[in-house]
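The residues making up each chain are set out below.
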Amino acid sequence: MMVEVSPAPAPLTALPTRRPDQGPATGTYGRVAAWLSKRVEVALAKMDLTLPQYRVLGILAEGSAASSGLADRLAVRPPSITAVIDGLVARGLVERKQEDVDRRRVALKLTEEGARTVAEADRAVDDYLASIATCLPSKDEAMALRSLELWGQALSAFHQVRKEPS
């Protein structure tokens, strides 16, 4: 019996390589951000959450909000956010409550289960990204994780300056 062996596939090189003095290759940041986003989705899938659901839960963890405000922060149209919220309400993670001052407005708030879920999801995503970073030398591992914190600060400042959605 003859067994045919195929050559090993070439290693994945998702990004063009350049010397440090040349700066990043065009598209590098976007591709890395997209790749990282996919890794976050993988971590969330284990918790039966989508990225849009996680983003909504994260915003609501900061305090209650109206659907229109969430849609603005998430840079989506109100009907899109309504579908996400409907799913979170059905799972008992978010509750809708009419505001006392203006009965036409409906505030969205995390339930206790929603607060637990977003805390667990935060830990799961953080742990998963940290495990990926362990593939780097320890000095670079710490820098990669710190850079995510810095991106969080930059995005927050960008949102404040431009008054654009988070």
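In the block above lies the structure referred to throughout.
Keep in mind it's a predicted model, so treat the numbers as computed, not measured.

So, the overall build of the chain
A tally of helices and strands in the chain yields six helices and three strands. Each helix (α) and strand (β) of the chain, taken in turn from the N terminus, gives the series α-α-β-α-α-β-β-α-α. Counting only residues that meet the buried cut, the chain has 22% of its 166 residues in that class. Of all intrachain contacts in the chain linking residues separated by at least 6 positions in sequence, the fraction that spans at least 24 positions is 46%. For the chain, the accessible area works out to roughly 11,900 Å², and carbon and sulfur atoms hold 58% of it.

A closer look at the packing of helix α2 (residues 51–61) against helix α5 (residues 112–133)
A pair of packed helices can be characterised by two numbers: the angle between their axes and the separation between those axes. Interhelical geometry of α2 versus α5 gives an angle of 115° and a closest axis separation of 10 Å. In this structure, α2 meets α5 at a crossing whose hand is left-handed. Together, Tyr54, Leu57, Gly58 and Ala61 of α2 and Thr117, Val118, Ala121, Asp122 and Val125 of α5 make up the contact between the two elements. Residues that form the contact of α2 with α5 fall into these classes: six nonpolar, two polar and one charged.

Observations regarding the sheet that holds strand β1 (residues 65–66)
The sheet built from three strands is open, its strands ordered β1-β3-β2 with antiparallel pairing. Unpaired on one side and paired on the other, β1 and β2 (94–98) mark the two borders of the sheet. Where β2 and strand β3 (residues 106–110) come together, five bridges link them in antiparallel fashion. Counterpart to lysine 97 in the pairing with β3 is alanine 107. Sitting on the sheet, α2 touches β1, β2 and β3, and the angle it makes with β3 is about 95°. Each of β2 and β3 is contacted by helix α4 (residues 78–90), which is oriented at about 110° to β2, the strand it contacts most.

Some words on the environment of glycine 58
Tracing the backbone shows glycine 58 in helix α2. For glycine 58, a relative accessible area of 26% puts it in the partly exposed group.

Cut-off values and rules
- Residues numbered from 1 in each chain as written.
- Predicted model: local features only at pLDDT ≥ 70, side-chain atom pairs only at ≥ 80, totals over all residues.
- Heavy atoms only, no water.
- Helix = DSSP H or I, 4+ residues; strand = E, 2+ residues; numbered from the N terminus.
- Buried < 20%, exposed > 50% of the residue type's maximum accessible area, 1.4 Å probe, protein only.
- Contact = heavy atoms within 4.5 Å.
- Areas by Shrake-Rupley, 256 points an atom, 1.4 Å probe, with all protein chains shown as cover.
- Axes fitted to C-alpha atoms, helices over the stretch in contact; angles between N-to-C directions.
- Left-handed = near helix turned anticlockwise from the far one by under 90°.
- Nonpolar A, V, L, I, M, F, W, Y, C, P; charged D, E, K, R; others polar.
- Pairing = 2+ DSSP bridges.

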